[in-house]
Amino acid sequence: MADVTFTSPALPKDVTVYAVAGDTRTLLSVAKEHKVPIHFECENGECGSCACEVSVLTGKTPLGISLTEKEKTVLKLAGKITSQQIEDAEVRDLPPPWRLACQFIVRHEDILVKF
Ligand code: FES
């Protein structure tokens, strides 16, 4: 299980939900299930409207990630990711701070999601 905590000026208080281990849903899907109002439009990694800042809360090294080409392109166009952060993701498996909720797969690690 992983705790996913959502924080936003759009919420009266932070919302923490539990993602089941082995669940391979997107962050947007988890948010929708719990009625967390992350803005979205395409749900396909193309519009960038679901961009969120994600940080790992466990104090451990974040789990390795892979960014899709769509996510890299959209985040870069939105000014949410640098070329260095893309390289860090590709070469060192380091997640960038901004992700697309519709592309981010919730893993077995506690995270804070700002939107
Ligand atoms: Fe369009 Fe996520 S909803 S990129």
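The structure under discussion appears in the preceding block.
No experiment lies behind these values; they were computed from the predicted model shown.

Caption draft 1: Representation of the pattern of salt bridges within the structure. For the structure shown, the criterion picks out 6 salt bridges. Of the charged contacts, one joins E69 and K72 as a salt bridge, the two residues approaching to 2.8 Å between their closest N and O atoms. Highlighted residues: E69 and K72, both in helix α2 (residues 69-77), separated by 3 residues, approximately one helical turn. You can call E69 exposed: its relative accessible area is 55%. Residue classification places K72 among the buried positions, given a relative accessible area of 8%. A salt bridge links K72 to E90; the shortest N-O distance between them is 2.5 Å. With a gap of 18 residues between them, K72 in helix α2 and E90 in helix α3 (residues 83-92) connect regions that are remote in the sequence. Taking the relative accessible area as the measure of exposure, E90 reaches 48% and is therefore partly exposed. Via salt bridges that share partners, E69, K72 and E90 belong to a single interconnected network.

Caption draft 2: Structural detail: α3. For α3, every residue scored as buried is listed here: I86, D88 and A89. With its buried residues spanning 160° around the axis, α3 presents them on a single face. Those residues of α3 that are buried lie in contact with α2. Of the residues flanking the end of α3, it is D93, one or two places downstream, whose phi is positive at about 60°.

How each quantity is defined
Every chain begins its residue count from 1, and numbering advances along the sequence as written. Local features are withheld for residues below a pLDDT of 70 in this predicted model, meaning they are given only at 70 or higher, and side-chain atom pairs are given and counted only at 80 or more; totals for whole chains, interfaces and linings count all residues. Side-chain numbers come from the whole structure's heavy atoms, not from hydrogens or water. For this document, the term salt bridge refers to a Lys or Arg side-chain nitrogen within 4 Å of an Asp or Glu carboxyl oxygen. For the purposes of this entry, the term helix denotes a DSSP run of H or I that reaches at least four residues, the term strand denotes a run of E that reaches at least two, and both are numbered from the N terminus. Buried means the residue's accessible area, taken with a 1.4 Å probe over protein chains only, is under 20% of the maximum for its type, while exposed means over 50%, and partly exposed covers the values in between. Note that the arc is defined by the directions from the helix axis to the C-beta atoms. Only heavy atoms matter for contacts: two residues are in contact if any of them lie within 4.5 Å across the pair.

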